[in-house]
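The lines below spell out each chain.
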Amino acid sequence: MNRPKTYHITTFGCQMNEHDSETIAGMLSQMGFSESPGRDEADVAIINTCSVRENADKRFFGTLGQLKKKKLADPEFTVCVCGCMMQQQHVIDSIKSKYPWVDIIFGTHNIHQFPQLLESVLREKEKVVNVWEDGGDIVEGLPAKRLYKHKAFVNIMYGCNNFCTYCIVPYTRGRERSRRPQDILDEVKRLVSDGVREVTLLGQNVNSYKGDEHTDFADLIYRLNEVSGLERIRFMTSHPKDLSDKLIQAYGDCDKLCNYIHLPVQSGSSRVLARMNRKYTREDYLNLIAKLKKTVPQITISTDIIVGFPGETEEDFEETLDLVRKVEYDSAFTFLYSIRRGTPAEKYEDQIPEDVKHQRFNRLVETVNSISAEKNAGYVGRVEKVLVEGLSKTSDRTYTGRTEEFKLINFAGTPDMVGKIIDVKVTEGKTFSLEGEVI
Ligand code: 5AD
Ligand code: SF4
């Protein structure tokens, strides 16, 4: 039988989506498919979508438009779309009417069904739309084709209960559900025996992980710290309102927990934070940072910031700039507020004009970048432990890796270093990365 043989996955959005794509790739490998280097040569194309901001939506429809030509020329070419956008009915309606040639639509809650859906489309040549509204039980034991050999993502919880007023995620990823601690430990041990040295625990709000009555997030870290062969533990993302003293103490106690935290602040104004439904004030956040820095003086900190949230005044924005200067972030992801359909902030009447948003955005980026460059310059002369990831994209002799504090560092290396933790002396600090030499 002339079965399709190759696939290509395009992933938009966050690490959750990256990891879901690893699962989809794992299932396709099990079905006998191999990965195609380009979307145009593949027999099956999968687009894993993100709905967190409007530009991700636009890029998805742009990508879909590009596939139309190939699909019309070759009806056997199978197009599958999945991810957060598919959890919104208006998106499904628009795909059905404007892109009726899409073969499979599935959602974030039923990724495990993808092999069945694909088999049925290949057999019956009929389109399928199968999206679950809610999470249901967590499905364990799905395969994953990992992006990296030496580091891995491990989901510890799914969904979000926080309903920040700007955010679509609680509607697309459902309510919080935590995996059992033993399932997580078993997976990490399996990964370690497969050569993984660093795990990143994933969840929309890992701090509210609740494995069982004895295991909150900090307990999980303490247990993972005991896994022999594992060298580094990271996690993404935390909500400041749930960051416990116990977890801060875990940084002091657990040698494998990397001295780095991504702690989204979103705004430096308590008034804006209240309207965002973030449930902490500017002062609460600064107190947390002070505690973290006291327990772990060498900690590096990154954040997410939204500019131009409805009603944000010049004074509110100045408070954000001031907070950025006070915290001295190592890096920050900055976003222009983008209206999301169905969220409470969509209805707020005091939307900020685009030009004001952009002007504030540029000022924020300038502030963030100058602090990043200053902090990175402070690393010159230090020797850092670096987990080597591979060749840098720009050269065939420059290797790249991450320090324990999650700084990206480039240095002249050799292929045998990949996957190892080596000592690198920092020779230069740039805005977004370090340069170094192996010692
Ligand atoms: N507009 C702009 N940024 C947003 N984020 C989430 N929703 C929106 C939105 N509607 C940002 C937040 C979040 C990050 C993943 O994306 O900063 O932490
Ligand atoms: Fe969105 Fe807020 Fe949940 Fe993060 S905590 S996913 S920003 S609702």
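Residues numbered from 1 in each chain as written. Chains lettered and ligands numbered in written order. Predicted model: local features only at pLDDT ≥ 70, side-chain atom pairs only at ≥ 80, totals over all residues. Heavy atoms only, no water.

Enquirer: Explain the side chain of Ser-94 residue by residue, including any values.
Expert: Mapped onto the elements of the fold, Ser-94 is located in helix α3 (residues 89–98). When its relative accessible area of 16% is taken as the criterion, Ser-94 is described as buried. Ignoring anything within four residues of it in the chain, the contact list for Ser-94 reads Phe-61 and Tyr-99. (Helix = DSSP H or I, 4+ residues; strand = E, 2+ residues; numbered from the N terminus. Buried < 20%, exposed > 50% of the residue type's maximum accessible area, 1.4 Å probe, protein only. Contact = heavy atoms within 4.5 Å.)

Enquirer: Which residues make up the UniProt feature "domain: MTTase N-terminal" (unreviewed entry) in the protein chain, and what values do they have?
Expert: As annotated in UniProt, the feature "domain: MTTase N-terminal" (unreviewed entry) corresponds to residues 5–123 in the numbering used here. Between the first and last C-alpha atoms of residues 5–123 the distance is 15 Å; the span itself is 47% helix and 19% strand. (UniProt positions renumbered as here; feature names shortened; annotations may be inferred.)

Enquirer: If you had to explain the domain arrangement of the protein chain to someone new, which residues and values would you point to?
Expert: As assigned here, the protein chain comprises domain 1 (6–130), domain 2 (148–258), domain 3 (281–377) and domain 4 (383–438). Residue-level contacts link 14 residues of domain 1 with 14 residues of domain 2. Summed over both sides, the interface between domain 1 and domain 2 buries roughly 1300 Å², with carbon and sulfur atoms accounting for 57% of that surface. When the buried surface of domain 1 facing domain 2 is broken down by residue, Gln-15, Met-16 and His-19 rank first, second and third, together holding 48% of it. At the boundary of domain 1 with domain 2, the tally comes to one salt bridge. For the salt bridge of Arg-173 with Asp-20, the shortest nitrogen-to-oxygen distance reads 3.0 Å. Linking domain 1 with domain 2 are four residue pairs in polar contact (both at pLDDT 80 or more), by the criterion used here. For the side of domain 1 that touches domain 2, the per-class residue count stands at three nonpolar, eight polar and three charged. (Domains from an automatic or database assignment. Buried area = accessible area lost by both parts, 1.4 Å probe. Salt bridge = Lys/Arg side-chain N within 4 Å of Asp/Glu carboxyl O. Polar contact = N/O pair within 3.5 Å; in protein donor to acceptor, adjacent residues only side chain to side chain. Nonpolar A, V, L, I, M, F, W, Y, C, P; charged D, E, K, R; others polar.)

Enquirer: Please set out the site of ligand 1 residue by residue, giving values where relevant.
Expert: Surveying the vicinity of ligand 1 reveals the residues Val-52, Arg-53, Tyr-166, Gln-266, Asp-304, Ile-306, Phe-335, Leu-336, Tyr-337, Ser-338 and Arg-340. One of the side-chain nitrogen or oxygen atoms of Arg-53 is found 2.7 Å away from an oxygen atom of ligand 1. In the environment of ligand 1, a nitrogen atom lies 3.0 Å from a nitrogen or oxygen atom belonging to the backbone of Tyr-166. Contact with the protein chains removes 86% of the 400 Å² of surface that ligand 1 exposes when unbound. Put simply, the parts of the chain that give the shell around ligand 1 at least two residues each are β15 (300–307) and β16 (331–336). Here the shell around ligand 1 is built from residues that sort into six nonpolar, two polar and three charged. (Near = heavy atom within 4 Å. Areas by Shrake-Rupley, 256 points an atom, 1.4 Å probe, with all protein chains shown as cover.)

Enquirer: Summarise the sheet that holds strand β7 (residues 151–155); cite the residues concerned and give the values.
Expert: Whenever strands of a sheet pair, they do so through backbone hydrogen bonds, lying parallel or antiparallel. Within the open sheet, the three strands sit side by side as β7-β10-β13. Their pairing is parallel. At either end of the open sheet lies a strand with only one pairing partner, and these are β7 and β13 (232–236). Pairs of neighbouring strands in the sheet enclose a mean axial angle of 25°, with direction left out of account. Against the sheet, helix α6 (residues 181–193) engages β7 and β10 (198–202), with an angle of about 165° to β7. (Pairing = 2+ DSSP bridges. Axes fitted to C-alpha atoms, helices over the stretch in contact; angles between N-to-C directions.)

Enquirer: Any chance you could break down the UniProt feature "binding site: [4Fe-4S] cluster 1" (unreviewed entry) in the protein chain for me, citing the residues and the numbers?
Expert: In the numbering used here, UniProt assigns the feature "binding site: [4Fe-4S] cluster 1" (unreviewed entry) to Cys-14, Cys-50 and Cys-84. Across 71 residues in sequence, these annotated residues keep their C-alpha atoms within 10.6 Å of one another, forming a single compact spot. Mapped onto the elements, Cys-50 comes out in the loop between β3 (44–49) and α2 (54–73). Considering the arrangement of structural elements, one finds Cys-84 in the loop between β4 (78–83) and α3. The buried category is assigned to Cys-84, whose relative accessible area is 8%.

Enquirer: Outline the side chain of Lys-71, supporting the account with residue identities and numerical values.
Expert: Relative to the assigned elements, Lys-71 resides in helix α2. Of the residues examined, Lys-71 reaches a relative accessible area of 8% and is grouped as buried. One polar contact links the side chain of Lys-71 to the main-chain carbonyl oxygen of Phe-77, over a distance of 2.6 Å. The residues contacting Lys-71, other than those within four sequence positions of it, are Phe-77, Thr-78, Val-79, Trp-101 and Asp-103.

Enquirer: Give a description of the sheet that holds strand β17 (residues 383–391) that names residues and reports values.
Expert: Pairing within the closed barrel is mixed, and its five strands lie in the order β17-β18-β19-β21-β20. Between one strand axis and the next, the sheet turns by 50° as a mean value, whatever way the strands run. Across five bridges, strand β20 (residues 421–429) lies against strand β21 (residues 434–438) in antiparallel orientation. Within β21, the position partnered with Glu-428 by the bridge is Glu-435.

Enquirer: Please set out the pattern of salt bridges residue by residue, giving values where relevant.
Expert: Applying the stated rule across the entire model yields 35 salt bridges. When the shortest N-O distance is used, the salt bridge between Arg-123 and Glu-124 registers 3.3 Å. Close ionic contact of Arg-197 with Glu-231 constitutes a salt bridge, the shortest N to O distance being 2.2 Å. Of this pair, Arg-197 sits in the loop between α6 and β10 while Glu-231 sits in the loop between α7 (217–224) and β13, and the two are 34 residues apart along the sequence. The class of Arg-197 is partly exposed, set by a relative accessible area of 22%.

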